[in-house]
Amino acid sequence: MEARLKDFVETLTPGQLLALFMKGDGVMTDLAASARLRPEQIGMLVRLMEESNPSWSPDVAYQLIANQECTPGQLERLIGWCDDPGTWLIACEKHPGGEHALVRSADPYTALRYAHHIDPDSMAGFAGGIDPTTWNARQAAARLRRRHDFTGEADMILKAKGL
């Protein structure tokens, strides 16, 4: 069967392959899970996801994190699509800098949701990043304050903003 499939794939045009990758149900996810991708291929795929954010990005990000040999930089870029604690843990185990490095590269929502510990500098940075004029500023401040590792410095920053 493999030989026949290989013969068939060789007949596909670039346009047909593009349609398969973009519209095929689960094709990109299966590719990320099963193919042995080279680092430069992973990089190209991550750039594609960052530029166009296709609907399959979270599934592909999980498969890349779990099944591929991603560089630390690729893990830091992929963590933005993290949508469950298991993906976060796998990325923390694979990244040489561990959770600390991922907290610094993740968006505040992802880091606050999944990180077991946030260092004081990052916590202060998250507090400083809250815009008090936005509709959800109080909710964001409350989310920070509920964390076990919330710091006095972050509290002073929020209080200075009237939050």
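Enquirer: What exactly am I supposed to notice about the overall build of the protein here?
Expert: Within the protein one finds 12 helices and zero strands. Secondary structure elements of the protein, listed N to C terminal, follow the sequence α-α-α-α-α-α-α-α-α-α-α-α. Against the 2.2 N^0.38 benchmark of 15 Å for 163 residues, the protein shows a C-alpha radius of gyration of 20 Å, more extended than a compact globule. In terms of overall dimensions, the protein has C-alpha extents of about 65 × 35 × 20 Å along its principal axes. The buried share of the protein, reckoned over its 163 residues, is 37%. Of all intrachain contacts in the protein linking residues separated by at least 6 positions in sequence, the fraction that spans at least 24 positions is 55%. Once the 17 positive and 22 negative side-chain charges of the protein are each reduced to a mean point, those two points are 4 Å apart.

Enquirer: Help me understand the confidence of the model for the protein, please; the structure alone is not making it clear to me.
Expert: The predicted coordinates ought not to be read in detail in places where the model reports low pLDDT. Considering every residue of the protein, the mean pLDDT works out to 90; 99% of them sit at 70 or more. Here helix α2 (residues 14–23) stands out as the element of the protein with the lowest mean pLDDT, 78, in contrast to helix α12 (residues 152–160), whose mean of 95 is the highest.

Enquirer: What's the story with the nonpolar core in this structure? I'm lost.
Expert: For soluble globular proteins, the rule of thumb is that nonpolar side chains tend to be buried together. Within the largest apolar cluster, 40 residues are counted, with the highest numbers of intra-cluster contacts made by Leu64, Leu78 and Trp88. Here Trp88 is in contact with Ile79, Cys82, Glu99, Leu102, Val103, Ala106, Thr110, Ala111, Tyr114 and Ala115, once residues within four sequence places are set aside.

Enquirer: Quick question: what am I supposed to make of the environment of Gly73 here?
Expert: With respect to the element layout, Gly73 can be found in helix α6 (residues 72–78). Exposure remark for Gly73: the relative accessible area of 35% places this residue in the partly exposed category. Residues Gly73 and Ser105, 32 residues apart in the sequence, show an inter-C-alpha distance of 9.3 Å.

Enquirer: What is the right way to look at the packing of helix α3 (residues 27–34) against helix α5 (residues 57–67) in this model?
Expert: If you want to describe how two helices pack, look at the angle between their axes and the distance between the axes. One way to put it is that α3 packs onto α5 with a least axis distance of 8 Å and a crossing angle of 5°. When the axes of α3 and α5 are compared, the pair comes out roughly parallel. Where α3 abuts α5, its residues Met28, Thr29, Ala32 and Ala33 lie against Asp59, Val60, Gln63, Leu64 and Asn67. Class assignment of the residues belonging to the contact of α3 with α5 gives a composition of five nonpolar, three polar and one charged.

Enquirer: Any chance you could explain a nonpolar patch on the surface here in plain terms?
Expert: Nonpolar side chains collect at one region of the surface, where Leu18, Leu20, Phe21, Met22 and Leu48 lie side by side and expose about 400 Å² of accessible area between them. The dominant element in the nonpolar patch, judged by the number of residues it contributes, is α2, at four residues. Structurally, the position occupied by Phe21 is in helix α2.

Enquirer: Any chance you could explain unusual backbone geometry here in plain terms?
Expert: For residues that are not glycine, phi is negative in most cases, and the peptide bond is trans in most cases. Even without a glycine there, the phi angle at Asn53 is positive, about 40°. Within the secondary structure layout, Asn53 lies in the loop between α4 (39–52) and α5.

Enquirer: When you look at the side chain of Asp149 in this model, what are you seeing that I'm missing?
Expert: Summarising the element assignment, Asp149 is placed in the loop between α11 (137–145) and α12. A distance of 2.5 Å separates the side chain of Asp149 from the backbone nitrogen of Ile118, its partner in a polar contact. Within the structure, the side chain of Asp149 is placed 2.9 Å from the side chain of Arg147, a separation counted as a polar contact. Sequence-distant contacts of Asp149, that is, excluding residues within four places in its chain, are made with His116, His117, Ile118 and Met123.

Enquirer: When you look at the packing of α5 against helix α7 (residues 85–94) in this model, what are you seeing that I'm missing?
Expert: Their axes nearest at 9 Å, the elements α5 and α7 cross at an angle of 40°. Here α5 runs over α7; the crossing is left-handed. Contacts between α5 and α7 involve Tyr62, Ile65, Ala66 and Asn67 from the first element and Thr87, Ile90, Ala91 and Lys94 from the second.

Criteria and thresholds
- Residues numbered from 1 in each chain as written.
- Predicted model: local features only at pLDDT ≥ 70, side-chain atom pairs only at ≥ 80, totals over all residues.
- Heavy atoms only, no water.
- Helix = DSSP H or I, 4+ residues; strand = E, 2+ residues; numbered from the N terminus.
- Rg over C-alpha atoms; globule rule 2.2 N^0.38 Å.
- Buried < 20%, exposed > 50% of the residue type's maximum accessible area, 1.4 Å probe, protein only.
- Contact = heavy atoms within 4.5 Å.
- Lys, Arg positive; Asp, Glu negative; His and termini not counted.
- Charge placed at Lys NZ, Arg CZ, Asp CG, Glu CD.
- pLDDT = per-residue confidence, 0-100.
- Core = buried A, V, L, I, M, F, W, Y, C linked by side-chain atoms within 4.5 Å.
- Axes fitted to C-alpha atoms, helices over the stretch in contact; angles between N-to-C directions.
- Parallel < 35°, antiparallel > 145°, perpendicular 65-115°, else oblique.
- Nonpolar A, V, L, I, M, F, W, Y, C, P; charged D, E, K, R; others polar.
- Patch = residues over 30% accessible without salt bridge, like charges linked within 9 Å, V, L, I, M, F, W, Y side chains within 5 Å.
- Areas by Shrake-Rupley, 256 points an atom, 1.4 Å probe, with all protein chains shown as cover.
- Salt bridge = Lys/Arg side-chain N within 4 Å of Asp/Glu carboxyl O.
- Polar contact = N/O pair within 3.5 Å; in protein donor to acceptor, adjacent residues only side chain to side chain.
- Left-handed = near helix turned anticlockwise from the far one by under 90°.

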